[in-house]
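# Fold and contact review
Chain residues, written in single-letter form:
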Amino acid sequence: MDDYPLLNLFLTMLYFFLWVMWFFLLFKVITDLFRDHSLSGWGKAAWLIAVLVLPYLGVLLYLVLRGRSMRDRDITEAKEQEKAFRSYVRKAAGPGGSEHVEELATLAEMKRNGDLSPEEYERAKAKVLA
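For the structure given in this document, a descriptive report is provided here. Residue numbers run consecutively from 1 along every chain, following the written order of its sequence. Since the coordinates come from a predicted model, pLDDT governs what is reported: local features require at least 70, and pairs of side-chain atoms require 80 or more to be given and counted, while whole-chain, interface and lining totals use all residues. As a convention, hydrogens and water are excluded, and side-chain values are obtained from all of the structure's heavy atoms.

Under the DSSP-based scheme used, a helix requires at least four consecutive residues in state H or I and a strand at least two consecutive residues in state E, with every element numbered from the N terminus. Relative to the helices and strands, Tyr-121 is located in helix α5 (residues 118-129). Given the relative accessible area of 12%, Tyr-121 is considered buried. For the pair Tyr-121 and Lys-111, spaced 10 residues apart in the sequence, the C-alpha separation amounts to 6.6 Å. We call two residues in contact whenever any of their non-hydrogen atoms come within 4.5 Å of each other. Apart from the residues within four sequence positions on either side, Tyr-121 is in contact with Leu-107, Ala-108, Lys-111 and Leu-116. Relative accessibility thresholds used throughout: buried, under 20% of the residue-type maximum; exposed, over 50%; partly exposed, between the two (1.4 Å probe, protein chains only).

So this is what it looks like as structure tokens:
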């Protein structure tokens, strides 16, 4: 270990970290390619070839040219997952609990909009839960 200086060890760790980051970014781009419904099959094939043949340039171009739509798809997917989760929670609460869930959701929305003060919200929430 004497012939491998500490700076070289740090550089090796940096290169390894960048390599792992690169693969994460590559997989993210490829996943986004197949998740995009607005892109034709030929377009997907062309981007996939560009990303695999010229990996650095292909991924960089993909991020520059399609980064905004990539973000929009991520936001849409997150909203859909949140909606599905809320629907599941309401369904799991049962028929009697769904009324309370709706009231609590309404109260939380009113508090978020500034219609209720924190004290009023706490009193109304305690009344609903009692």
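Residue pairs spaced three or four apart in an α-helix point in one direction, given the helix's 3.6 residues per turn. Across its 13 residues, helix α2 (residues 41-53) extends 18 Å between first and last C-alpha, which sits within 8% of the 18 Å expected from 1.5 Å per residue. Within α2, the full set of buried residues consists of Gly-43, Lys-44, Trp-47 and Val-51. Within α2, the buried residues cover an arc of 100 degrees as seen down the axis, which keeps them to one side. Every exposed residue of α2 that faces more than 90 degrees away from the buried side is listed here: Gly-41, Trp-42, Ile-49, Leu-52 and Val-53. Helices are assigned an expected span. That span is 1.5 Å times one less than the residue count. Arc, as used here, means the arc of the directions from the helix axis to the C-beta atoms.

All right, on to the pattern of salt bridges then. Working definition: two side chains of opposite charge can pair if their charged atoms are close together. Each reported salt bridge corresponds to a side-chain nitrogen of Lys or Arg within 4 Å of a carboxyl oxygen of Asp or Glu. Across all of its chains, the model carries 11 salt bridges by this definition. Between Asp-32 and Arg-73 there is a salt bridge; the shortest N-O distance is 2.6 Å. Of this pair, Asp-32 sits in helix α1 (residues 6-35) while Arg-73 sits in helix α3 (residues 55-92), placing them 41 residues apart in sequence. What you see here is one network of salt bridges that share partners, running through Lys-28, Asp-32, Arg-35, Asp-36, Arg-66, Arg-73, Asp-74 and Glu-77.

Stacked, edge-to-face and tilted labels apply to pairs of Phe, Tyr and Trp rings (six-membered ring for Trp) whose centres lie within 6.5 Å, assigned for plane angles under 30 degrees, over 60, and everything in between, in that order. A full pass over the atoms with the stated rule returns 5 aromatic pairs. Centre to centre, the rings of Phe-23 and Phe-27 are 6.0 Å apart; their planes meet at 35 degrees, and the pair counts as tilted. Of this pair, Phe-23 and Phe-27 both sit in helix α1, 4 residues apart, which is roughly one turn of the helix. Note on Trp-47 and Tyr-62: the rings are 5.1 Å apart at their centroids and 85 degrees apart in plane angle, and the pair reads as edge-to-face. One end of the pair, Trp-47, is in helix α2; the other, Tyr-62, is in helix α3, with 15 residues separating them in the sequence. The burial state of Trp-47 is the same as that of Tyr-62; both residues are buried. Each member of the aromatic cluster is reached from another via a ring pair, and the members are Phe-16, Trp-19, Phe-23 and Phe-27.

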